[in-house]
Amino acid sequence: MGPPISRNLHRTTKKAPSKGPSKPPKAKAPVAAAEIAPSSTLPIDLLQLLLNVFKNSFPDRLSSDIKPLLQEVKGHLYNRDFATAFGKEEYLEAYALRWSPSRALCYLQIFEDLKDELNPFHSVSEETEDAEWDVVCLGGGAGAEIVTLGGLMKLLEPVNEEHGAEANITAIDIADWSNVVTRLRDGVVNKPLLSKYASAAAQEANKALTDPACFSVAFHQHDILNTPLDILSKLVGKADLVTLLFTLNELYTTSLSLTQKFLLSLTTSLSAGALLLVVDSPGSYSTVSLNGTEKKYPMQWLLDHTLLDTGSKAQDSPKWEKIKEEESKWFRLPDTLRYPIELENMRYQLHLYRRCG
Ligand SMILES: C[S@@+](CC[C@H](N)C(=O)[O-])C[C@H]1O[C@@H](n2cnc3c(N)ncnc32)[C@H](O)[C@@H]1O
């Protein structure tokens, strides 16, 4: 038996009907930021180390004027022209420098908040007897998740050292983020370069977030909406945790039917006990055309409908249970952090599911 359902679970979505979406639930008024924005509970030094990984991984991009590049990328993202926005190395680096750092810090707070549910490193490798954690990050090419997991290794270091913990990360993305992934992975497992004038004490204290022997990262370029089941199963089959961070709504917007099909393939590919973490902007809606009329459905309602459907057709299919839900939560960055580009507080919705046996 897995951990009990979180007490914080406050289901706000209506129960989905068993036959296709019909009535979209009403939108709720957004909650004022000040009401719900606690400060990060993570050590500031660790947050700064994560930011430094981004800063140190793309020195050439930072030494040139990055503003015009960011404007171009923003324009393409605004026009939903993702092929162009993620089609050039310099755009990818600029994106990773501008948008991934705030997310990496926010995700570390989320992983810390969910540590009882995620229970990392609870499975033990038969060959090495080390505690392993296999994490697959779908839409994870821009590297936020990789740096977060590096930070988590640091956070868990005192416990992990006893158990020889190993994190195996697979990032899958439609765009070719291989260079960004390699640089950020290197930034996680190598000591930052210090100035030759750094004091002996600073040199002594200078450490990598984690050891390369216990942090493996693989990148695969795939359109997950069009990846055949056998390939998807090979990529995700061993996963303890699959993440879809700020990616699911993009998938729904691309194609509702392909996204539903993909979620069912993911369900088939994963083993009992595997977790699925979905984080996205609160209030994300997808427009669905049904019988010639268009209706808007909240992302989490569509997701619950696909994963938790108890209709007769779904009787024999594998099921999920929801173990945590946050409709809208803030992550506020501490003011003392230093980074050469603007960082942003983040608001998100969160859904954590566990694959039943
Ligand atoms: C908004 S970004 C989020 C990136 C990252 N997960 C984060 O939270 O910072 C969405 C990512 O999903 C990827 N993506 C979009 N559609 C995809 C698809 N069909 N298959 C795989 N990746 C996709 C994009 O290339 C992009 O890297």
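All values reported here derive from a predicted model rather than from experimental measurement.

Cut-offs and rules
- Per-chain numbering applies: the sequence of each chain, read as written, is numbered from 1 onward.
- For this predicted model, a pLDDT threshold of at least 70 governs which residues receive local features, and a threshold of 80 or more governs which side-chain atom pairs are given and counted, while totals over whole chains, interfaces and linings are taken from all residues.
- As a rule here, side-chain values cover all heavy atoms of the structure and leave hydrogens and water aside.
- What counts as a helix is a DSSP run of H or I of at least four residues, what counts as a strand is a run of E of at least two, and both are numbered from the N terminus.
- Buried residues are those whose accessible area, probed at 1.4 Å on protein chains only, stays under 20% of the maximum for their type, while exposed residues exceed 50% and partly exposed ones sit between those limits.
- Contacts: residue pairs with any heavy atoms within 4.5 Å of one another.
- Two N or O atoms form a polar contact when they lie within 3.5 Å of each other; inside protein one atom must be a possible hydrogen donor and the other a possible acceptor, and for residues adjacent in sequence the pair counts only when both atoms belong to side chains.
- Using a grid of 1 Å spacing that covers the protein atoms alone, one calls a set of points a cavity when a 1.4 Å probe fits there but cannot get out, and a pocket when the set is open and has protein on both sides within 12 Å along at least five of seven lines; lining residues are those with an atom within 4 Å of a point.
- Grid points are joined across faces, edges and corners, and a volume is the space filled by probe spheres set on the points.
- Here, any two strands with at least 2 DSSP bridges between them count as paired.

1. A word on the environment of Asp240
Thought 1: Note on placement: Asp240 falls in the loop between helix 13 (229-236) and strand 5 (241-245).
Thought 2: Taking relative accessible area as the criterion, Asp240 reaches 17% and is therefore assigned buried.
Thought 3: Excluding anything up to four places from it in sequence, Asp240 contacts Ser123, Glu132, Trp133, Asp134, Gly273, Ala274 and Leu275.
Thought 4: Only 2.8 Å separates the side chain of Asp240 from the backbone nitrogen of Asp134, close enough to count as a polar contact.

2. A closer look at the side chain of Ser265
Thought 1: Locating Ser265 in the fold gives a position in helix 15 (residues 256-269).
Thought 2: Excluding residues within four positions of it along the chain, Ser265 makes contact with Leu229 and Leu232.

3. Here we look at the layout of surface pockets
Thought 1: Estimates place the volume of the largest pocket at around 1000 Å³.
Thought 2: In terms of lining, the largest pocket is formed by 36 residues, of which the most central are Phe82, Phe86, Tyr95, Phe246 and Glu250.
Thought 3: Elements with a contribution of two residues or more to the lining of the largest pocket: helix 4 (67-78), helix 5 (82-85), helix 7 (100-113), helix 9 (144-155), strand 3 (166-173) and helix 14 (248-254).
Thought 4: No other element matches helix 14, which puts five residues into the lining of the largest pocket.

4. Thoughts on the pairing of strand 10 (residues 346-355)
Thought 1: The buried fraction of strand 10 amounts to nine of the ten residues, a majority that puts the element mostly inside the structure.
Thought 2: Summarising the sheet, strand 6 (residues 275-280) and strand 10 pair through six bridges and their orientation is antiparallel. Following the sheet pairing, Leu275 is matched in strand 10 by Arg354.
Thought 3: For strand 9 (residues 320-331) and strand 10, the ladder comprises nine bridges, and the chain directions are antiparallel. By the bridge assignment, Glu321 is partnered in strand 10 with Arg354.

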